[in-house]
Amino acid sequence: MYDCILVPTDGSTEGERAVEYAIDLARTHDATLRAIYVVNAASYGGLPMETAWDGISDALRDEGQAAVDRVEELADERGVRVDTAVLEGSPSRVIVDEAQPEKCDLVVMGTHGRGGIDRLLLGSVAERVVRSSPVPVLTVRVGEDEFEEATADVDAQAVVE
């Protein structure tokens, strides 16, 4: 059913739940996992001019590389093929660009489950991806303690069936 599964990662411990889902689905379907980290350069546009952009850019890329290296490590432990990339741009746009049918069949990504004013003020990368992606998007709620406990035993196999 799936040949390639795209998993955007932010490198957070909470976000690792979505990565685990993606790895389990890739293993079940013998699919390749494509792990990406998007450096959002626009969010650092308000820094003073004297700030050395090269240093910030390097730090952000290093953070991204560490995040995709972690996905690769987890995938390798389960025998799942993975390719990784650290990209730059608007996270939702880059994810949708990577989620083209000729590249990937599914996007698996975490969502913090924000609602109300938090979602209005902070926006939601996951929501923008869901609305724009040409391929299906599976969202995994992360960072919610009460929700985590209720779904801790959910097997990715059950999601597929």
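Everything quoted here is computed from the prediction, not taken from an experiment.

What counts, and where the lines are drawn
Residues numbered from 1 in each chain as written. Predicted model: local features only at pLDDT ≥ 70, side-chain atom pairs only at ≥ 80, totals over all residues. Heavy atoms only, no water. Helix = DSSP H or I, 4+ residues; strand = E, 2+ residues; numbered from the N terminus. Buried < 20%, exposed > 50% of the residue type's maximum accessible area, 1.4 Å probe, protein only. Contact = heavy atoms within 4.5 Å. Pairing = 2+ DSSP bridges. Axes fitted to C-alpha atoms, helices over the stretch in contact; angles between N-to-C directions. Right-handed = clockwise from strand over helix to strand, strands pointing away. Left-handed = near helix turned anticlockwise from the far one by under 90°. Nonpolar A, V, L, I, M, F, W, Y, C, P; charged D, E, K, R; others polar. Core = buried A, V, L, I, M, F, W, Y, C linked by side-chain atoms within 4.5 Å. Salt bridge = Lys/Arg side-chain N within 4 Å of Asp/Glu carboxyl O.

Digging into the overall build of the protein
Then, in step 1: Counting its regular elements, the protein contains 7 helices and 5 strands.
Then, in step 2: Taken from the N to the C terminus, the helices and strands of the protein come in the order β-α-β-α-β-α-β-α-α-β-α-α.
Then, in step 3: Considering the protein as a whole, with its 161 residues, one finds that 39% of them fall into the buried category.
Then, in step 4: Long-range contacts, defined as pairs at least 24 residues apart, comprise 80% of the intrachain contacts of the protein with a sequence gap of at least 6.

Here we look at the sheet that holds strand β2 (residues 32–39)
Then, in step 1: If you walk across this open sheet you meet the 5 strands as β3-β2-β1-β4-β5, and the pairing is parallel. A single partner strand is all that each edge strand has here, and the edge strands are β3 (82–88) and β5 (137–141). Strand after strand, the sheet turns through a mean of 25 degrees between neighbouring axes, direction not considered.
Then, in step 2: Bridging between strand β1 (residues 4–8) and β2 involves 5 bridges; their strand directions are parallel. Residue pairing across strands places P8 opposite I36, the latter belonging to β2.
Then, in step 3: Packed on one face of the sheet, helix α1 (residues 16–29) meets β1, β2, β4 (106–111) and β5 and runs near 155 degrees to β4.

Topic: the pairing of β2
Then, in step 1: Of all 8 residues in β2, 7 are buried, a share of seventy percent or more.
Then, in step 2: Where the polypeptide runs from β1 across α1 and back to β2, its parallel neighbour, the crossover connection is right-handed.
Then, in step 3: As judged from the 7 bridges shared by β2 and β3, these two strands associate in the parallel manner. Residue R34 lies in a different strand from β3, and its bridge partner there is D83.

Thoughts on the packing of helix α3 (residues 91–98) against helix α5 (residues 125–132)
Then, in step 1: Orientation of α3 relative to α5, taken along the N-to-C sense of each, is 35 degrees, at an axis distance of 9 Å. Of the two possible hands of crossing, α3 and α5 adopt the one that is right-handed. Across the interface between the two elements, P91, S92, I95 and V96 of α3 pack against V125, R128, V129 and S132 of α5.
Then, in step 2: The residue makeup of the contact of α3 with α5, split by class, is 5 nonpolar, 2 polar and 1 charged.

With respect to the environment of T84
Then, in step 1: With respect to the element layout, T84 can be found in strand β3.
Then, in step 2: Ignoring any residue separated from it by four or fewer positions in sequence, one finds T84 in contact with R34, A35, V68 and E72.

Observations regarding the nonpolar core
Then, in step 1: If you look at the biggest cluster of nonpolar residues, it comprises 29 residues, and the most contacted ones within it are I5, V7, I23, L33, V71 and V108.
Then, in step 2: Put simply, the parts of the chain that give this core at least two residues each are β1, α1, β2, α2 (53–77), β3 and β4.
Then, in step 3: Leave out the neighbours within four places in its chain, and I23 touches L33, V71, L74, A75, R78 and V80.
Then, in step 4: If you look at the next biggest cluster of nonpolar residues, it comprises 15 residues, including A85, V94, A99 and A126.

With respect to α3
Helical geometry note: an α-helix holds 3.6 residues per turn, so side chains three or four residues apart project in the same direction.
Then, in step 1: Across the 8 residues that make up α3, a large majority, 6, are buried.
Then, in step 2: Inspection of α3 places P91, S92, V94, I95, V96 and E98 among the buried residues, and these make up the whole buried set.
Then, in step 3: Buried residues along α3 sit in contact with β1, β2, β3, β4 and α5.

Let's talk about the pattern of salt bridges
Then, in step 1: For the structure on display, the rule yields 11 salt bridges.
Then, in step 2: The partner of E16 in a salt bridge is R70, and the shortest N-O contact between them spans 3.1 Å. Of this pair, E16 sits in helix α1 while R70 sits in helix α2, and the two are 54 residues apart along the sequence.
Then, in step 3: Between R34 and D83 there is a salt bridge, and its shortest N-O distance comes to 2.5 Å. Pair noted here: R34 is in strand β2 and D83 is in strand β3, with a separation of 49 residues, a long-range link.
Then, in step 4: Assessed through its relative accessible area of 18%, R34 is described here as buried.
Then, in step 5: Here the residues in one salt-bridge network are E20, D24, R27 and R78, joined through shared partners.

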